Amino acid sequence: MGRLFGTDGVRGVANADLTAELALGLSVAAAHVLGEAGSFEGHRPVAVVGRDPRASGEFLEAAVVAGLASAGVDVLRVGVLPTPAVAYLTGALGADLGVMLSASHNAMPDNGIKFLARGGHKLDDVLEDRIEEVYEQHRTGAPWDRPTGSGVGRVKSYDEGFDRYVEHLLGVLPNRLEGLKIVLDEAHGAASQVSPVAFERAGAEVVTIGAEPDGLNINDGCGSTHLDLLKAAVLQHKADFGIAHDGDADRCLAVDHTGSEVDGDQIMAVLALSMREHGALRQDTVVATVMSNLGFKLAMEREGITFVQTAVGDRYVLESMKQHSYALGGEQSGHVIVLDHATTGDGTLTGLLLAARVAQTGRSLQDLASVMERLPQVLINVPDVDKSRVTTSDELTTAVADAERELGATGRVLLRSSGTEPLVRVMVEAADIEQARAVAQRLADVVKSALG
């Protein structure tokens, strides 16, 4: 059996790859493994379970709840809420684990299961591997101690979760949002109700699009992966700016009043300066991945803020932040983590903090985001090559060194091997887009020649 867990839980086509049987079995295994790891500390365990609005989430939620309760775990069902809300409630309620059913920005047929440890934190690889091991043992017939009578878990709805999460968000804001007109694109996803309510209670005038989930339309031409509708709505309503989330609302991208995109790097740049001004940017440091735009790094250096890079994936950003007690990190895609107030990327919180900075300064989002210049990025995928030799080829090493000398301080080269396909991704950034294209194509040719 291949590894079930990816970089963000277990995902696949619902009812094909991700079945009710798999969801139930993984939930039983998670209950046992987290118990072994000491998470339950001798008491009756409690789990918080939430989901996004996908139709498949209904039967998968039933399977997860059944698995947990059959393993003796009491379940609090919080219904349709964002991933960061489930993480927050897991910690705030003192629950032993959390479960979120969502495939994030993926299309509707997909779904996923994400387990959270006590405190609302993602599981590490060791615990995920152990859950897979126990799941496989149970699947192949190994007996387990099934509670009976009063030992089985009890299930109840926790309707207070909505308001409790909104109150948490509002409690983080340094100032209110009166005077701002904001368009919110909720991707017909998990934040369709909670995000507009939070912005309205914070004082903003809100125009909402993509907030009518029917179980089938999540991420369908809207949200953070499809910004055209948001751009049009911002211009139509003459809004100050717009915010877009993805299906589980752990991402936030923005559009300024002119309809121009403001990506995760720019949002982090704005928040970094705001947090430093308020004394909240510990060690004057921000964490981002190697895929962040070079313009972000250059802007942070110019502003006297230390820039720490990690591998691609918000889990690696979070690991670095937790290890060194940094306060802000994220990805260009809009996963922004404000560690003092969230254990994962929180699109609604990020949007609120961005809006608070606009309201506090009286400056437009376009003006605030101009703190960094996004350098053009050119990405070329080179298929059918031996990606295992990308770091050992002398010919490729020489070509990259020559390219970096040519680009100078305002350009860079990044080569990445695909995790699942026999291809290498060549990314080049430079102030001159034509130079970036030429260098990227030249390197792609060398990759093909050296590794083909």
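As the structure is a prediction and not an experimental result, all values here were calculated from the model.

Colleague: Help me understand the nonpolar core, please; the structure alone is not making it clear to me.
Modeller: A general feature of soluble globular proteins is that nonpolar side chains tend to end up buried together. Grouped together as the largest cluster of nonpolar side chains are 67 residues, with contacts concentrated most on Leu-177, Ile-182, Phe-296 and Leu-328. Top contributing element to this core by residue count: helix 8 (residues 264–277), with eight residues. Beyond its immediate chain neighbours, meaning those up to four positions away, Phe-296 contacts Asp-265, Met-268, Ala-269, Val-286, Ala-288, Phe-307 and Met-372. With 35 residues, the next largest nonpolar core counts Leu-101, Ile-113, Ala-117 and Ile-131 among its residues.

Colleague: Is there a simple way to think about the pattern of salt bridges in this case?
Modeller: Side chains bearing opposite charge may pair, as long as their charged atoms lie close to each other. Under the definition given, this model contains 32 salt bridges. With a shortest N-O distance of 3.8 Å, Glu-303 and Arg-302 are connected by a salt bridge. Classification of Arg-302 as exposed rests on a relative accessible area of 54%. Because the salt bridges share partners, they merge into one network encompassing Arg-3, Asp-125, Glu-128, Asp-129 and Arg-315.

Colleague: How should I be thinking about the packing of aromatic side chains in this particular structure?
Modeller: What characterises a pair of aromatic rings is the spacing of the ring centres plus the angle enclosed by the ring planes. All chains considered together, the criterion is met by three aromatic pairs. Taking 6.4 Å as the distance between ring centres and 55 degrees as the angle between the ring planes, the aromatic pair formed by Phe-5 and Phe-115 counts as tilted. With Phe-5 in the segment before strand 1 (10–13) and Phe-115 in strand 5 (residues 110–117), this pair connects stretches of sequence that are 110 residues apart. Both rings, one in Tyr-88 and one in Tyr-165, keep their centres 6.4 Å apart while their planes meet at 45 degrees; by these two values the pair is tilted. Residue Tyr-88 is located in helix 3 (residues 83–92), and its partner Tyr-165 is located in helix 5 (residues 161–172); the two are separated by 77 residues in the primary sequence. Judged by relative accessible area, which is 25%, Tyr-88 ranks as partly exposed.

Colleague: Would you mind going over the environment of Lys-448 with me for this structure?
Modeller: Within the secondary structure layout, Lys-448 lies in helix 14 (residues 433–451). Sequence-distant contacts of Lys-448, defined by excluding residues within four places in its chain, comprise Val-382, Pro-383, Asp-384 and Val-385.

What counts and how
Residues numbered from 1 in each chain as written. Predicted model: local features only at pLDDT ≥ 70, side-chain atom pairs only at ≥ 80, totals over all residues. Heavy atoms only, no water. Core = buried A, V, L, I, M, F, W, Y, C linked by side-chain atoms within 4.5 Å. Buried < 20%, exposed > 50% of the residue type's maximum accessible area, 1.4 Å probe, protein only. Helix = DSSP H or I, 4+ residues; strand = E, 2+ residues; numbered from the N terminus. Contact = heavy atoms within 4.5 Å. Salt bridge = Lys/Arg side-chain N within 4 Å of Asp/Glu carboxyl O. Phe/Tyr/Trp six-rings, centres within 6.5 Å; stacked < 30°, edge-to-face > 60°.

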